[in-house]
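Overview (structure and organization)
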Amino acid sequence: MPHTRKARARALHGGAALEDIAESIDSCLLCGSCEPVCPEGIGIAAMNMEQRHKLNKLRTNYPSWYPEPSGMNTRIKDNVLHNSIILIAGEYPGADLKARSAVIELLGGDKKVSLAVDDGRDIGGLLEACLPVSQDRIDDFIRPLRHADTLVVSEGLLHGPLRKWLPGKKVIGTGEALLSSAYIRKALGPEDLYIIECRGYHSDYERLVKFYDRLRKETGCQTNLDLQRIAIPTGASSLQAKKDLEAAGCLEQAGWIIRGRSMRRIVIEDLADREVFQRVTGVPVIHVSQLR
Amino acid sequence: MYIPVFERGIIPPDPVAPDSLKGIPRQKTNPSRWQGDNWQDFVQDLRSRGVTVCESRADCSVFMTDSGGVAYGLPHGVVRPSSAEDISKVLKAAQAHRVPVTTRGGGLTTEGESVAFGGLLLDMSSMNRVLEINPDAMTVRTQAGIFWHQLAEILRRDGLDYLSAPLNFTASVGGTLGVGGIDVNSPRLGCSADQTVALQVVTPTGDIVNCSEQENPELMERVLFGYGQFGVITEATLKIRKFTPITIQYFYYSSLRTAIEDLQFIAREDASDYSGILTILDRAITLLVAFDSDEREREFNARWKRNLRGHGEAGFGLHMAWHYLLHPWRIKEAVYIIGRRFKLFPEFWRSEFMHNGKIVDRSVVFSRAVWKFWGGPQLVIPDLSSKAEKFAEAVERGNAVCRKYFRHYTLYCVGIKLRGKLPRYEMSCIPPDAADIAYGCEFEPMLRGTNYSRDYLQSFKNEIYDIGVDMGLSYYRFGGMMKGYIRRAIGDELVDKHLAMKKAADPAMILNAEVIF
C-alpha cells in the first residue's frame, strides 16, 4: 500500500476503513517534508495527525512503539530559567553527554545558556503518537521557558508547538544555533555530508531553506536536501525507530541519502542519526557540536 | 444519451459525420466494468506461481482514478511486481484466463488510461531502482517504474542529468516512454521516448524480450509511443548528459500568432536549448528561451534575438496598460493577469534554486511552477499536436474554446523534434504529416475555486478534440476516453493495421484494453 496522503484519501474515498490503512497511517514520520512541496498548500502533516488521532480512538491495541499511556501524566518540575538562551536538549545518551556540554559551551557557556531539565521528550512522544497531552503538562513544560529570548530545541517535533505555546520566542534547532558561528561553519567542507534534522527544518521551511542554502554555498558541503530542497529523513527520531531502527526503515533511508555520494565525514544535527549512519557507512559520523 | 458498448478488439466505424463535428455521440466515455469471469482461477494460478495479488478495498481504491479525475474504476486486484518475471507470470496467466491487465506508473494520465475498469492493475511504481550508470557511454539503465524526479536525484549525485522528461515530478519512465514525453528541450532533443537506447519488455503473452535499434527493433518501435498496447516496459536504457544550470530569457507578446511564429523560428533555427510558450489567458503570452551554456546564449543574442517581436517586461507592461486604458471594462482581467504574474514569476527566481544568476535544477523549478500554478487535484489538459503549418490555427481555435468555457486558463506550446519517419510515430502524438519538427499545445483551464461537473469538463475536452479531427491533427493523449476518435483522427488503414498487430501480439486482448483497442 503506497504511503502517500493522496493514496490514503483515495482508499477512504473508495470505502476502506481507517483500520484498513492503519499501517500506512502509522508509517508517517511527521517529518513535514510533504508540506513545503504540496502545490495546493495543504497542511498534510496536520491531516495525517488527525487520521492517527481518529485511528487511536478505534484501536483496541496501540502499536508496540507507542509511549506508555501511564506516562502521559508524568509531571516534571523544572526551575524557572533566567538566561536568554535555553537549550532543550532532548536525549543525549551515554557518551553523547559530552556533546551536550559542547553545545552549551559553543552557545556561550553556562552564564548565557540554561539547560532545561524538562526536555519535553514525553510530550514529543505523545504528539507523534497523536495521543492527548494535558494542558497541565504543557504548562509545566513551558513555565520555566518564559524568560528566554531563544529556545534551542533538539527535538524538531517540538518546534512548531513551542512557537504556538510561546509566541514571540525564537525557536531554532541545535544545528542552526551552532552554525550561526563562523568558527563552526569554517570546519565544514565539500567532503562533508551534513544531515539536517528534518522535523525542525520543515516546520520553518521558508526561512531555513535559505539558511541552509547559504551554508551550502559558503562551505561547499553536501546535505541531505533533495532537488526540491526537502530534507530526506532517516526517521531515526521516530517512536518506531526507537524500538527497532531496521524495521522502521531507517537504514534503507540512510542508504538512499548516501547513495552515489563521496564523503569523508558525516555531520549530524540529530544524535539519533549517529547509529543509523554508522551502520550503513564506514566514514566517521560526528555531531555538529564536534565540528572543529 | 445512448452509449453503445463494444467488445474489446472491435473498433467500429466512427459515428461522426464530417459536417457535424459538434455533439459527436461518443462510443464509450466511461467503459463498462469487466465482470470478473475467471478471476478466482486467475488469482489462484498467480498465487501458485508465487505472485501476491492484493484484493482488499483499500489496496484497490488507491487506484480508482487518475490525474484527470474524470474516469473512475476499480480493479479486482493489484500486483506490485518486483521483477520482469513477476510480470511475465501475470501476463501468461492473464492470457490463459482472459483477465484484463492495466499498467500504471505515476497515474498521470488524464483520460483514464491508467484506470482499471475491473481486472488486474499492475502498479509499476514498485520497480523503481536505478540499475547502472555508465558515464563512458553516457547512459543509465533503470527499472521503468521509477519516477523521473527520483532518476534525476540519482543522476545529479554524479553531476549528470537526463535529456528530456515531462515537467512533472511523478511521471514514471515507463509510462512516459509509452506515450512520448515532452519537455521544453523537445524542440531540440525530441521526445523522452526518442532518448531510449534499449528496453526490456514483457510482451502481452509473457515473454521477456530485450530490444534496441539492433536487437528486436520492430518490438522497440511498437513499444515506444505504443500506449502500452504491445508490452510492459520493465527496464529502459536512456541517454544522459552532463548536468548544466541554465539561463532563461523571456519575451512577452499580446498576439498568440506572433508568439507562435517566433517559437517556430527559434526551433527551426535551433537558436536555443529550450523554448516554449506559456500564457495567461490569451493576453499575456510569454515565450521562454533558455540556454545550457553562455556560448549558446551569446550566439542567440548576436544572431537571432533581434528577429523576435516580443517585448521586454517593461515594454509589455506599458503595452498592456495602454490596452486596458482603452478597454476599461476588462479591468478584472488586467487585475488577474497582474496578480498572477506577481505570484508566478518569483517562483522562477527562488534563491535556493539559483546560483551565479543561473537556474539550477530546472526540472524542479519548472515542475514546481507547473504544479503550483497550472496543476490541481484534477488535471484537465486536452491537447493538440500538429505540423508547423497548421499549428497557429489549431492554437487559435483551441483558445476560442477555452474562452467559451472558462474565465481563466493557460496555453502551453512547445516544439517536438522528430527523428525522421519512424514506425514508432504511427498512431502516436506525432501527427502523420509532420516533418522535422511537430508542435503541441495543451489547453488548461484554471479550476481552483470553481466546481465544474465531469460532463462540463468532458464537453470542453471534446470540443478541443473535435478541432483535431477537423484539422487532421494528433493528440498527446489519444487513449482512454478518446477511443471514439481514433478512426477519424488516425484513419481506417492505420487503425486496422495496428489492430491486426495488436491481435497477433495479444491474442486475448488483455493488456491495457481500454486505452486504444
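Residues numbered from 1 in each chain as written. Chains lettered and ligands numbered in written order. Predicted model: local features only at pLDDT ≥ 70, side-chain atom pairs only at ≥ 80, totals over all residues.

Tallying secondary structure elements over chain B gives 16 helices and 17 strands in all. Radius of gyration (C-alpha) of chain B: 23 Å, near the 24 Å computed for a compact globule of 517 residues. When its C-alpha atoms are laid out on the principal axes, chain B stretches across 70 × 60 × 40 Å. A total of 517 residues make up chain B; the buried ones form 53% of that total. Long-range contacts, defined as pairs at least 24 residues apart, comprise 71% of the intrachain contacts of chain B with a sequence gap of at least 6. (Helix = DSSP H or I, 4+ residues; strand = E, 2+ residues; numbered from the N terminus. Rg over C-alpha atoms; globule rule 2.2 N^0.38 Å. Buried ≥ 20, exposed ≤ 12 C-beta atoms within 10 Å, placed from the backbone. Contact = placed C-beta atoms within 7 Å.)

Turning next to the interface of chain A and chain B. Contact residues are listed per partner, giving 23 residues for chain A and 24 residues for chain B. Of all the elements, helix H1 (residues 5-13) of chain A adds the most residues to the side of chain A that touches chain B, at 4 residues. Among the residues forming the side of chain A that touches chain B, the class breakdown is 9 nonpolar, 5 polar and 9 charged. (Nonpolar A, V, L, I, M, F, W, Y, C, P; charged D, E, K, R; others polar.)

Once that is clear, we can look at the nonpolar core. Formed by 218 residues in total, the largest nonpolar core has its most connected members in Leu87 of chain A together with Val90, Ile277 and Cys413 of chain B. Residue contacts for valine 90 of chain B: discarding those within four places in its chain leaves Leu46, Val51, Val79, Val101, Leu120 and Leu122 of chain B. (Core = buried A, V, L, I, M, F, W, Y, C linked by C-beta atoms within 7 Å.)

The strands that make up a sheet pair up through hydrogen bonds in the backbone, lying either parallel or antiparallel. All names here are of chain A. One open sheet holds the 4 strands; their spatial order is E2-E1-E3-E4, and the pairing between them is parallel. Strands at the two margins of the open sheet, each flanked by one partner only, are strand E2 (113-115) and strand E4 (170-172). The average undirected angle you get between the axes of adjacent strands in this sheet is 25°. Sheet topology note: the strand E1 (residues 85-88)/E2 ladder contains 3 bridges and is parallel. Looking at the pairing, isoleucine 86 lines up with serine 114 of E2. Sitting on the sheet, helix H5 (residues 97-107) touches E1, E2 and strand E3 (150-153), and the angle it makes with E1 is about 165°. (Pairing = 2+ DSSP bridges. Axes fitted to C-alpha atoms, helices over the stretch in contact; angles between N-to-C directions.)

A word on the confidence of the model for chain B. Residue and element names in this part refer to chain B. Residue-level pLDDT values for chain B average 90, and 93% of them are 70 or greater. Counted against residues more than four places away or in other chains, residues 15-29, with its pLDDT under 50, gives 24 contacts. Two numbers describe this predicted complex: its pTM, 0.91, and its ipTM, 0.89. (pLDDT = per-residue confidence, 0-100.)

This part is about the environment of leucine 58 of chain A. Residues and elements named next belong to chain A. Structurally, the position occupied by leucine 58 is in helix H4 (residues 44-58). Classification of leucine 58 as exposed rests on a count of 10 C-beta atoms within 10 Å. Leucine 58 sits 30 residues away from isoleucine 88 along the chain, and the two C-alpha atoms are 34 Å apart. Excluding residues that lie within four positions of it along the chain, leucine 58 makes contacts with Leu18 and Glu19.

On to the sheet that holds strand E11 (residues 274-280) of chain B, then. Residues and elements named next belong to chain B. In spatial order, the strands read E10-E12-E11-E16-E17-E15; together these 6 strands make up an open sheet with antiparallel pairing. Each edge of the sheet is formed by a strand with only one pairing partner; in this case those strands are strand E10 (247-253) and strand E15 (383-387). Sheet twist, expressed as the mean angle between neighbouring strand axes with direction ignored, is 20°. One ladder, built from 2 bridges, connects E11 with strand E16 (residues 409-417); its direction is antiparallel.

Time to look at the packing of helix H11 (residues 331-348) of chain B against helix H12 (residues 362-374) of chain B. All names here are of chain B. Contact geometry for H11 and H12: axes closest at 9 Å, N-to-C directions at 160°. Taken together, the axis directions place H11 and H12 in an arrangement best described as roughly antiparallel. Once H11 is placed against H12, the crossing between them reads as right-handed. Mapping the contact onto sequence places Leu344, Glu347 and Phe348 in H11 and Val365, Arg368, Ala369, Lys372 and Phe373 in H12. Looking at the contact of H11 with H12 residue by residue, the class counts come to 5 nonpolar, no polar and 3 charged. (Parallel < 35°, antiparallel > 145°, perpendicular 65-115°, else oblique. Left-handed = near helix turned anticlockwise from the far one by under 90°.)

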